[in-house]
Amino acid sequence: MTTTEGCHLLIGLPATGKTTFLAAFWYVVKRTSYGRALHVDALPDNLEYLNRICDAWLKGETQERTIRGRVHRAAMRLRNPETNHSCEAVFPDLSGESFGQHWAQRQWDTNYDTLARTASGVVLFIHPKRKDDSYNIADVARAEAILREPSDRNPEAAASGATAQEPVPWDPLKAPTQVVLIDLLQFLVGEPCCHPRLRVCVIVSAWDLVEKQPKMPKRWLETEMAILYQFLTSNPQIIEPCVYGVSAQGGDLADGQTRERLLLEAEPVNRIRVVDADGQASDITEPMRWLIA
Amino acid sequence: MSAGNAGPLPQAGGSPDAPATPAPPTPSTVDLPRGEALELSEAPIIMGATPTRVVVLGGPHDSGKTTLICSIYERFRREPFAGLVFSGSRTLFGFERASHLGRCASGLPSPETERTSLKMSRRMFHLRLYDGNCSSHHNLLLTDLSGEEFENVRNYTDACRELTIIARADHFVLLVDGKKLQDIALRQQARDETDTILRRLVETGMLGIRSRVDILFSKWDLIEQDPAGSRAKDFAATVETQLRERFAQYFAKMRFAPITARRPDGLAPPASGVEGLLPSWCRESRLVQRVPKFSVEGKSNLREFDRFVDMVR
């Protein structure tokens, strides 16, 4: 049996499913009856945070927003039943707002710096509804022309009341999601961390929303987040990427019928849906199994 | 790393003799790369590490220099471009800031670009691109000169001599405003200022036998959409012929191309027309050159330049 240690950063902007993923993942690994799935050797000494988020997940409740600036450190000893490889894994859960601030303020605190410098892998979370929220005026004009619903002003212009002489000042927090994520990864493979090589597992969360479209996770990333996909796949010397589609809660909990259907599942693990890059069904520990391999 | 620990502060309203209550600890912070467009002095950070090509864009005010830089970035934001794949950038923050007035978040009814002030002139935008054809990465630094600086170069020899960045550039790109070519009252002036600036750069030695020069007719979509656009196209062809005859022999390479960096109605992808140029901007260096052909004809007006060429030879 071999044992390794690893800190795996969970990176994502607000409401991208980091905590929900961690809750569902914890539920699965603390049980031992799921075939190839990773499991924990023994329960960690401090389970307060993991129990809290797991309880919310089991009750079908939306996870509380992680407080900005606070790092929840989820540590567990994971075992791969196929290889008998054991890993002391740490998953720091940081609020999405904090990652936005790293981009916008161009600094992070020393606690996170220590985690970032010792990271051995990254799980990058993307919510399909936040794929790219920064549209070009020209693209909107083209869309309007196609829909034959021309308007004199773009929607944000109408909402803000701005005129041609008074543009709304630039707000870095409104930068495109994929651009922010690229820079967050560049902080790891470039300055200040300078990791020589990093595994990056992209989780497209709320995959149930995407499944209605005939796209596989890899293809979805390539078309919907083109510049991030280019960045991930064109740096094989420093970045080893993979992508999964994950629905950790199984559906929209705000929808009463969906929530009831999910809660009626005899086994909560059946709520979870995971597909690999090419759309093959998998389990929620597969991304981590790849990351710690 | 910047230490942000606050020292002990006197308690407001407390006795001056009372011991000071320490302020709650503020976590120290670590500075991250600025991400802004680079100053000239910062360029060696990139150029020292890996082979880098420098592309300098010049042209009069509102000819579309910054828009062209932003449009190349925008094109990569939607897809791989010209056989190249986006592999990173040290200036993502700067690209985003410069692109703001073209985004809906600006609240503007039609896309604009922030004017490059004299202070912002010569800032450098970085792209790291993967080239599948040669299975390697390229570093590209794109820098634009402000319209004001361009005008100074046109007017004053001394201002031109300060532009050593052009002499060091791997590619010099000169934009000719396509909108002016449409206007019979402006087109001759547009041609003349292009001619004058090239001559000035040649005479001062800022452009020479190692230079690769691209003359781009910008805003070509306006000409394409104009019912009388053929007149502007004919004029552009004349400008090309004349500039080629006068200057091509003095450069390692001289090309002409019509481009549409950003069409306001979105009916053309960003950086249209640049696909034929970008790969050579990445691959070709001023240090790798062909032997220029010198002819006696046309040199009579370029005596200072002739002396420069002779000196180099």
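Here the structure is a predicted model, which means the values were calculated and not measured.

Q: Could you give an account of the sheet that holds strand β6 (residues 171-177) of chain B, naming the residues involved and the relevant values?
A: Residues and elements named next belong to chain B. With mixed pairing, 7 strands are arranged side by side in an open sheet as β3-β4-β5-β2-β6-β7-β8. Pairing within the sheet leaves two strands with one partner each, and these edge strands are β3 (84-88) and β8 (253-258). Each adjacent strand pair in this sheet contributes to an overall mean axis angle of 30°, direction not counted. Examined bridge by bridge, strand β2 (residues 52-58) and β6 share 4 bridges and lie parallel to one another. Bridged to Gly58 within β6 is Leu174. Against the sheet, helix α10 (residues 229-247) touches β7 (212-218) and β8, its axis set at about 175° to β8.

Q: Describe the state of the cysteines, and please don't skip the residues or the numbers.
A: Going through the model one piece at a time under the given rule, you end up with 0 disulfides over all chains. In this structure Cys194 of chain A is a free cysteine whose sulfur lies 7.5 Å from that of Cys193 of chain A, the closest cysteine sulfur available.

Q: Could you give an account of the confidence of the model for chain B, with specific residues and numbers?
A: Residues and elements named next belong to chain B. In this model, chain B carries a mean pLDDT of 86, and residues with pLDDT of at least 70 account for 83%. Considering only residues more than four positions removed or in separate chains, one finds that residues 1-19, a stretch of pLDDT under 50, has 21 contacts. Contacts for the low-pLDDT stretch residues 291-313, under 50 throughout, to residues beyond four places or in other chains number 35 contacts. For this predicted complex, the interface confidence comes out at an ipTM of 0.91, alongside a pTM of 0.88.

Q: An account of the pattern of salt bridges is requested, with residue identities and associated values reported.
A: Scanning all chains against the criterion turns up 36 salt bridges over all chains. Linking Arg117 of chain A and Asp113 of chain A is a salt bridge whose minimum nitrogen-to-oxygen distance equals 2.6 Å. Here the residue Arg117 of chain A and the residue Asp113 of chain A both occupy positions in helix α4 (residues 110-118), the gap between them amounting to 4 residues, near one helical turn. Look at Asp113 of chain A and you get buried, because its relative accessible area is 4%. A salt bridge links Arg154 of chain B to Glu151 of chain B; the nearest nitrogen and oxygen atoms lie 3.2 Å apart. Taken as a pair, Arg154 of chain B and Glu151 of chain B lie in helix α4 (residues 147-155) at a separation of 3 residues, close to a single helical turn. Judged by relative accessible area, Arg154 of chain B falls into the buried class, the value being 18%. Relative accessible area serves as the criterion here: at 30%, Glu151 of chain B is assigned to the partly exposed category. Beyond isolated ion pairs, a larger network of salt bridges with shared partners links Asp41, Arg77, Arg79 and Glu88 of chain A.

Q: Describe the environment of Ala104 of chain A, listing the residues and the values that go with them.
A: Relative to the helices and strands, Ala104 of chain A is located in helix α3 (residues 96-105). Given a relative accessible area of 14%, Ala104 of chain A falls into the buried group. Put simply, Ala104 of chain A and Pro172 of chain A are 68 residues apart on the chain and 5.4 Å apart in space, counted from C-alpha to C-alpha. Discounting residues that sit within four places of it in the chain, Ala104 of chain A has contacts with Pro172 and Leu173 of chain A together with Phe93 of chain B.

Q: How would you sum up the confidence of the model for chain A? Please name residues and give values.
A: In the predicted model, chain A carries a mean pLDDT of 88, and 90% of its residues have values of at least 70. Within chain A, the lowest mean pLDDT, 54, falls on helix α6 (residues 155-160) of chain A, and the highest, 98, falls on helix α10 (residues 226-233) of chain A.

Q: Tell me what's going on with the packing of α3 of chain A against helix α7 (residues 177-189) of chain A, and back it up with residues and numbers.
A: Residues and elements named next belong to chain A. Where α3 contacts α7, the axes come no closer than 10 Å and their chain directions differ by 80°. Between α3 and α7, the interaxial angle falls into the category roughly perpendicular. Along the contact surface, α3 presents Phe99, His102 and Trp103, while α7 presents Val179, Val180, Asp183, Leu184 and Phe187. Looking at side-chain class alone, the contact of α3 with α7 contains 6 nonpolar, 1 polar and 1 charged residues.

Q: Summarise the interface of chain A and chain B; cite the residues concerned and give the values.
A: Counting residues at the interface gives 51 residues for chain A and 49 residues for chain B. Between chain A and chain B, the buried area comes to about 4200 Å², and carbon and sulfur atoms account for 59% of it. When the area that chain A buries against chain B is broken down by residue, the three leading residues are Arg106, Ile137 and Trp170 of chain A, summing to 18%. The interface formed by chain A and chain B includes 1 salt bridge. Close ionic contact of Asp139 of chain A with Arg78 of chain B constitutes a salt bridge, the shortest N to O distance being 2.8 Å. Secondary-structure elements contributing two or more residues to the side of chain A that touches chain B are α3, β5 (107-109), α4, α5 (137-147), α6, α7 and α10 of chain A. Residue classes in the side of chain A that touches chain B are distributed as 25 nonpolar, 14 polar and 12 charged. In terms of strand pairing, β5 of chain A meets strand β1 (residues 29-31) of chain B through 3 bridges, oriented antiparallel. Following the sheet pairing, Asp109 of chain A is matched in β1 of chain B by Thr29 of chain B.

Q: Please set out the pairing of strand β4 (residues 124-131) of chain B residue by residue, giving values where relevant.
A: Residues and elements named next belong to chain B. Taken across its 8 residues, β4 has 6 buried, putting it largely inside the fold. Pairing geometry for β3 and β4, over 4 bridges, is antiparallel. What sits directly across from Leu84, in β4, is Asp131. Where β4 meets strand β5 (residues 136-144), 8 bridges bridge the pair, whose relative direction is antiparallel. Across the sheet, the residue bridging to Asp131 is Ser136, located in β5. Joining the antiparallel neighbours β4 and β5 is a turn of 4 residues, in which Ser135 adopts a positive phi near 50°.

Q: Go over the packing of aromatic side chains, please, and point to the residues and values.
A: All names here are of chain B. Summed over the entire model, instances satisfying the criterion amount to 14 aromatic pairs over all chains. For the ring pair Tyr73 and Phe95, a centre distance of 4.5 Å and an interplane angle of 10° mean the geometry is stacked. With Tyr73 in helix α2 (residues 65-78) and Phe95 in helix α3 (residues 92-99), this residue pair connects regions lying 22 residues apart in the sequence. With respect to burial, Tyr73 and Phe95 carry one shared label: buried. Geometrically, the ring pair formed by Phe76 and Phe81 is edge-to-face, given 5.9 Å between the ring centres and 80° between the ring planes. Phe81 matches Phe76 in its accessibility class, with the two residues each being buried.

Q: Explain unusual backbone geometry to me, and be specific about the residues and the numbers.
A: Cis rather than trans, the peptide bond between Glu191 of chain A and Pro192 of chain A has omega equal to 5°. Looking at where Pro192 of chain A falls in the secondary structure, it is placed in the loop between α7 and β7 (198-204). In this structure, Asn84 of chain A takes a positive phi of about 65° despite not being glycine. Position of Asn84 of chain A among the secondary structure elements: in the loop between β3 (71-79) and β4 (86-94). The backbone phi angle of Ser135 of chain B is positive, close to 50°, even though this residue is not glycine. Of note, Ser135 of chain B is situated in the loop between β4 and β5. Under the relative-accessibility criterion, Ser135 of chain B is labelled exposed at 54%.

What counts as what
- Residues numbered from 1 in each chain as written.
- Chains lettered and ligands numbered in written order.
- Predicted model: local features only at pLDDT ≥ 70, side-chain atom pairs only at ≥ 80, totals over all residues.
- Heavy atoms only, no water.
- Pairing = 2+ DSSP bridges.
- Helix = DSSP H or I, 4+ residues; strand = E, 2+ residues; numbered from the N terminus.
- Axes fitted to C-alpha atoms, helices over the stretch in contact; angles between N-to-C directions.
- Contact = heavy atoms within 4.5 Å.
- Disulfide = S-S within 2.5 Å.
- pLDDT = per-residue confidence, 0-100.
- Salt bridge = Lys/Arg side-chain N within 4 Å of Asp/Glu carboxyl O.
- Buried < 20%, exposed > 50% of the residue type's maximum accessible area, 1.4 Å probe, protein only.
- Parallel < 35°, antiparallel > 145°, perpendicular 65-115°, else oblique.
- Nonpolar A, V, L, I, M, F, W, Y, C, P; charged D, E, K, R; others polar.
- Buried area = accessible area lost by both parts, 1.4 Å probe.
- Phe/Tyr/Trp six-rings, centres within 6.5 Å; stacked < 30°, edge-to-face > 60°.

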